[in-house]
Amino acid sequence: MSEFEALGLRPSPDGGGLIIDGKLVSQSVLDETARGAAALGVKPGLAVVLVGEDPASHVYVGAKGKAAAACGFHSVQHTLPASATQAEVLALVDALNRDPAIHGILVQLPLPRQIDATKIIEAIAPTKDVDGFHPVNAGLLAIGETARSFVPCTPAGSMILLERAAKALGLGLAGLDAVVVGRSNIVGKPMAQLLLARDCTVTMAHSRTRDLAAVVGRADIVVAAVGRAEMIRGEWIKPGALVIDVGINRVAGEGLNAQGKPKTRLVGDIEYAVARKRAAAITPVPGGVGPMTIAMLMANTLASARRAAK
Ligand code: GUN
């Protein structure tokens, strides 16, 4: 295995940048988590709460349960009907907070309209908030106390991919200009904190940013998390940049599928076909950041079980 492959990177077939293989890297995180769980002597326990019938949420939650089982975790799923009340969800969260066999609690978002997601997130014990969404964990990240907090899974996974790419290229992250496009609490803001903690000079761009092309064009590191198909044009990317695409957008494809319906395909927030020729390394969509999110959820749950065992 070449050094690049060992880091989870693939050469591009036609002289473009290195492809950062999130599937490979996520598998290495999952393998390490399974080994850590086996060595702990206590089964890390993950409870996932799903409210309602959103089909995408059912797919995600199923994948989280499978990954937890593959890591040797105690894995439970609580499925509530779409008509569940806020009081019912709060009562369930309270019971899970008090259950010593549960080290991680994840309430799948979005929630039905009658339920206030902020209230639910704030009801989860910060010590079991493996999503890293609770204000206490957001605050600990903001002051750099990540050894006793949980970092949200998608930015944590993005950071690992970025570090692998930088290592493969012999680059240090310190002092690099990083631009994060998107300011969500779940991805953009925590991503900016993580880059700042690695001594990058961080710019947060968003929907009101003037001349986004110029802002992106100055960046040594671009992280896109806006949820708009290919809105970051490939030609904006500075040659040699490291590019992390968090977006997963479904768009119309070509032709019909086996059921005779129009085909669809997944694309990121970055115009990959052009960007990959300019970037030094880039994540594809799918197969980049996506698989890392679940892997980091498992890593956070193991970290929680380790802290509880101490
Ligand atoms: N819905 C989509 N992604 C996520 C996630 O990472 N955590 C939770 N709780 N809900 C989600």
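All of these numbers come straight from a predicted model, not from anything done at the bench. One numbering rule holds for all chains: residues counted from 1, following each sequence as written. With pLDDT at 70 or above as the cut-off, local features in this predicted model cover only qualifying residues; side-chain atom pairs require 80 or more to be listed or tallied, and sums for whole chains, interfaces and linings still use all residues. By convention in this description, side-chain values take in all heavy atoms of the structure and omit both hydrogens and water.

*Asks:* I would appreciate a short explanation of the packing of helix 3 (residues 55–70) against helix 11 (residues 289–309) in the present structure.
*Replies:* A pair of packed helices is captured by two measures, namely the crossing angle of their axes and the spacing between those axes. Axis lines are fitted through C-alpha atoms, for helices just across the contact stretch, and the angle between N-to-C directions can take any value from 0 to 180 degrees. We count a stretch as a helix when DSSP gives it H or I for four or more residues in a row; a strand needs E for two or more, and each element gets its number in order from the N terminus. Interhelical geometry of helix 3 versus helix 11 gives an angle of 50° and a closest axis separation of 10 Å. It follows from the interaxial angle that helix 3 and helix 11 lie oblique. Crossing of helix 3 over helix 11 shows right-handed handedness. Between helix 3, through A63, K64, A67 and A68, and helix 11, the contact on the second element is made entirely by I294, L297 and M298. Across the contact of helix 3 with helix 11, the residue classes tally to six nonpolar, no polar and one charged. Here roughly perpendicular refers to angles of 65 to 115 degrees, roughly parallel to angles under 35, roughly antiparallel to angles over 145, and oblique to all remaining angles. In a left-handed crossing the near helix is turned counterclockwise from the far helix by less than a right angle, and in a right-handed crossing that turn is clockwise. Only heavy atoms matter for contacts: two residues are in contact if any of them lie within 4.5 Å across the pair. As a working rule, the residues Ala, Val, Leu, Ile, Met, Phe, Trp, Tyr, Cys and Pro are called nonpolar, Asp, Glu, Lys and Arg charged, and the rest polar, with Gly in that last group.

*Asks:* Before we go on, may I ask you to explain the nonpolar core in this structure?
*Replies:* In globular proteins that are soluble, nonpolar side chains generally tend to be buried together. Here, the term nonpolar core denotes a set of buried Ala, Val, Leu, Ile, Met, Phe, Trp, Tyr and Cys residues that are joined through side-chain atoms within 4.5 Å. In this scheme, a residue with accessible area under 20% of its type's maximum is buried, one over 50% is exposed, and one in between is partly exposed, where area comes from a 1.4 Å probe on protein chains only. L173, L195, I221, L242 and M298 are the most contacted members of the largest nonpolar core, which has 54 residues in total. Per-element accounting of this core gives the leading share, eight residues, to helix 7 (residues 153–168). The contact partners of L195, leaving out residues within four places of it in the chain, are M159, L162, A178, V180, C200, V202, I221 and V223. Ranked by size, the runner-up nonpolar core spans 18 residues in total, among them V179, A205, L212 and I282.

*Asks:* Just to check I follow, could you spell out the environment of V181 for this structure?
*Replies:* On the secondary structure map, V181 appears in strand 6 (residues 177–181). A relative accessible area of 1% means that V181 is categorised as buried. Along the sequence, V181 and R276 sit 95 residues apart, while their C-alpha atoms lie 18 Å from each other. With near-sequence residues (within four places) excluded, V181 lies in contact with A205, L212, V216, V223, A224, A225, V226 and I232.

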